[in-house]
Amino acid sequence: MKYSKFLLAFVILLTVSCKKDTDFGVTNASGVIKAQGFTTYQYGTHILTDGAGNTIYALRSSSVALDNYI
């Protein structure tokens, strides 16, 4: 009984704290889109870099064909 209360509280806390947020604060970005290739992380299928290559954003879209913009 003691562990079931703890487990229930943990599940509720985990559910409340894990909010899916797809808005990462970038409202307008421009640069060069490239195919992602193989990486050690799985953030996206393409990357967006600025002209100097300093800032990199990982991109993934289910509604826009990003290959058309390479």
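## Here's the deal with the overall build of the protein
So, step 1. When you go through the protein residue by residue, the secondary structure sums to 1 helix and 3 strands.
So, step 2. Counting over 70 residues, the protein shows a buried share of 11%.
So, step 3. Within the protein, contacts between residues separated by at least 24 positions form 15% of all contacts whose residues are at least 6 apart in sequence.
So, step 4. With the model as given, the accessible surface of the protein reaches about 6,500 Å², and the carbon-plus-sulfur share is 59%.

## Observations concerning the sheet that holds strand E3 (residues 56–59)
So, step 1. Across the sheet, 3 strands lie side by side as E1-E2-E3; this open sheet has antiparallel pairing. The outermost strands of the open sheet, each flanked by one partner alone, are strand E1 (32–35) and E3. Strand-to-strand twist across the sheet, computed as the mean angle between neighbouring axes with direction ignored, equals 30°.
So, step 2. When E1 meets strand E2 (residues 46–49), the two strands line up antiparallel, connected through 4 bridges. If you follow Lys 34 over to E2, its bridge partner there is Ile 47.

The rules behind the values
- Residues numbered from 1 in each chain as written.
- Predicted model: local features only at pLDDT ≥ 70, side-chain atom pairs only at ≥ 80, totals over all residues.
- Heavy atoms only, no water.
- Helix = DSSP H or I, 4+ residues; strand = E, 2+ residues; numbered from the N terminus.
- Buried < 20%, exposed > 50% of the residue type's maximum accessible area, 1.4 Å probe, protein only.
- Contact = heavy atoms within 4.5 Å.
- Areas by Shrake-Rupley, 256 points an atom, 1.4 Å probe, with all protein chains shown as cover.
- Pairing = 2+ DSSP bridges.
- Axes fitted to C-alpha atoms, helices over the stretch in contact; angles between N-to-C directions.

Without other data, these values stay purely geometric and don't point to any function.
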